[in-house]
Amino acid sequence: MKEFFYRPDNAWVGDVIPYYEDGEFKLFYLHGWRDNHKEGLDHGWHLLGTKDFVHYREDGACKIEGGTGHILKVDDVYHMFYCIFPEGKQFACHAVSKDLKTWEPIPEDTFGPDGEIYELADWRDPFVFWNEEEGQYWMLIAALAKGPTNRKGCTGLLSSKDLKHWEYREPLYAPNLHVGAHECPDLFRIGDWWYLIYSSYTGRFGTFYRMSQSLNGPWITPEEEAFDGRAYYAAKSASDGQKRYLFGWNPTKNDDLFGWNPPKASGKDYDTWDWGGNMIVHEIIQRPDGTLGVNVPETIDSAFTKQLTVNFEGITGDWSITDDALLCVSPYNFAGCITKEELPDLCKISAAVRFSESTQGLGFMVRAGESLDFAYYITLEPQRSRITFRGPIMQSEEGGKTFPYEVELERPFKLLPEHEYELKVFIDGTICEIYVGGEVAMSARMYDIQHGKLAMFVSQGTAEFNRVKIETPQNDKIHAKEES
């Protein structure tokens, strides 16, 4: 069975470079073979077509062996800007095409950092757009600005009249926050606000955004700067003219590079996060104050329409259980209930949740066992204004002795008592995509428990779970990739 969240056969999705035209998203991406690469297989950029983020047409390799970049169309010519890494150096490159499939590189347009404004090191992931105010093109690029500390990561800036000759300018954004370059820069406007997106793997790991009412700044850091958590990276955006979407990847875990995996944990849940995985698409939401959130795209949400029978039974605590509603009052204890049915490998779990002011925690246990400890925990923690994801070992004595941290994944979110929040969880094999309140996302992976049930829980408080559903796609055809 094909995975619902796209990845190519025997390979993985790296950075996505989205472009929209004629009612279809043209998704270029870096094709990661890893150990499956064989003689004659193409590295570099590959192309997908999709209208709904559910069905994909594979158009194959672009014969461009390079790193992340950008696509724009000028008159009838498509321009690809990308990067290469010869002998430890980094350069921006230019290619052109008439059809988005056959590309002709322009070697004389290749260039690197200047060594004066920018260090002669990082120089990758170019993003090019027409600046109407200046009447010329701007290029944003992941770079290192000259400076007295190692916190030189920046969004570099160049300008050009002809897409061939570029003038080095002072960085668009150089806050001295990150040791590494601001990867995969992206820029767009919604209403009165400009938004700058970049990814970083030093300091805090993730895809972040800044906002400004002018391209000249200042670039404001919102209260929550990230679109997702640790398991989502290198995201770039594209709009269909009505909605804007964010395209990133949920990484796999195939190695224990640093020996941090607990000796008694025989699985992969605590392995090292890899580069690349499955493509995950979020819809970008602009709030009234201009800040951004993300939600599941409607086309993905509506693909899950076959509702399964769900029967809950209480395990601990006093539960009031009706057809699609669960209520538990447990002010001093942990309480949980569980389904009689196993969760499918591919499904959507949804519920509208509400809790009392004193509630310490509530949420879902995914792939739970009858004892309600061996499971993956998705927890709303109102007192700490966050959503968390924890694996099963964290509930064991071994977990308490092993880990120097309290939680595996978390997302900040202000949770108000007596307010209803919609919680949606999409499961696809090892992939777990979590959406809360239509504006916060958290990606995760689940390797070591492959089967189990759905459980609901409340810890020291009162909670309601209404409109509880487990849904699957109508048929397996949803997995089939379109032929090119």
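Rules behind the numbers
Residues numbered from 1 in each chain as written. Predicted model: local features only at pLDDT ≥ 70, side-chain atom pairs only at ≥ 80, totals over all residues. Heavy atoms only, no water. Helix = DSSP H or I, 4+ residues; strand = E, 2+ residues; numbered from the N terminus. Buried < 20%, exposed > 50% of the residue type's maximum accessible area, 1.4 Å probe, protein only. Contact = heavy atoms within 4.5 Å. Pairing = 2+ DSSP bridges. Axes fitted to C-alpha atoms, helices over the stretch in contact; angles between N-to-C directions. Salt bridge = Lys/Arg side-chain N within 4 Å of Asp/Glu carboxyl O.

Caption draft 1: Geometry of unusual backbone geometry. P218 follows G217 through a cis peptide bond whose omega is 0 degrees. By the element assignment, P218 lies in the loop between β15 (206-212) and β16 (233-239). At D125, a residue that is not glycine, the phi angle is positive and equals roughly 60 degrees. Structurally, the position occupied by D125 is in strand β9 (residues 118-131). Taking relative accessible area as the criterion, D125 reaches 4% and is therefore assigned buried. Positioned with a positive phi, L372 is a non-glycine residue whose angle comes to about 65 degrees. For L372, the location among the structural elements is in the loop between β25 (361-368) and β26 (376-381).

Caption draft 2: Representation of the environment of Q460. Note on placement: Q460 falls in strand β32 (residues 453-473). In this structure Q460 comes out as partly exposed when scored by relative accessible area, which is 37%. Distance in space between the C-alpha atoms of Q460 and F389 is 19 Å, their sequence separation being 71 residues. Ignoring sequence-local partners within four residues, the contact set of Q460 consists of S330, P331, Y332, N333, S358, T359 and Q360.

Caption draft 3: Fine view of the sheet that holds strand β12 (residues 167-173). With antiparallel pairing, the four strands of this open sheet are ordered in space as β9-β10-β11-β12. A strand with exactly one partner marks an edge of an open sheet, and here the two such strands are β9 and β12. Neighbour-to-neighbour, the strand axes of the sheet open up by a mean angle of 30 degrees, direction not taken into account. In terms of strand pairing, β9 meets strand β10 (residues 136-145) through eight bridges, oriented antiparallel. Bridging from a neighbouring strand, V128 pairs with M139 of β10.

Caption draft 4: Expanded view of the pattern of salt bridges. Under the definition given, this model contains 32 salt bridges. Ionic pairing is found between E134 and R169, a salt bridge with its closest N-O pair at 2.9 Å. One end of the pair, E134, is in the loop between β9 and β10; the other, R169, is in strand β12, and 35 residues separate them in sequence. The partner of E471 in a salt bridge is K348, and the shortest N-O contact between them spans 3.8 Å. Taken together, the residues span a long stretch of sequence, with E471 in strand β32 and K348 in strand β24 (residues 346-355) at a distance of 123 residues. Overall, K348 belongs to the buried group, its relative accessible area being 7%. A cluster of three or more residues bridged by salt bridges with shared partners is formed by E381, R384, R386, R390, E406 and E410.

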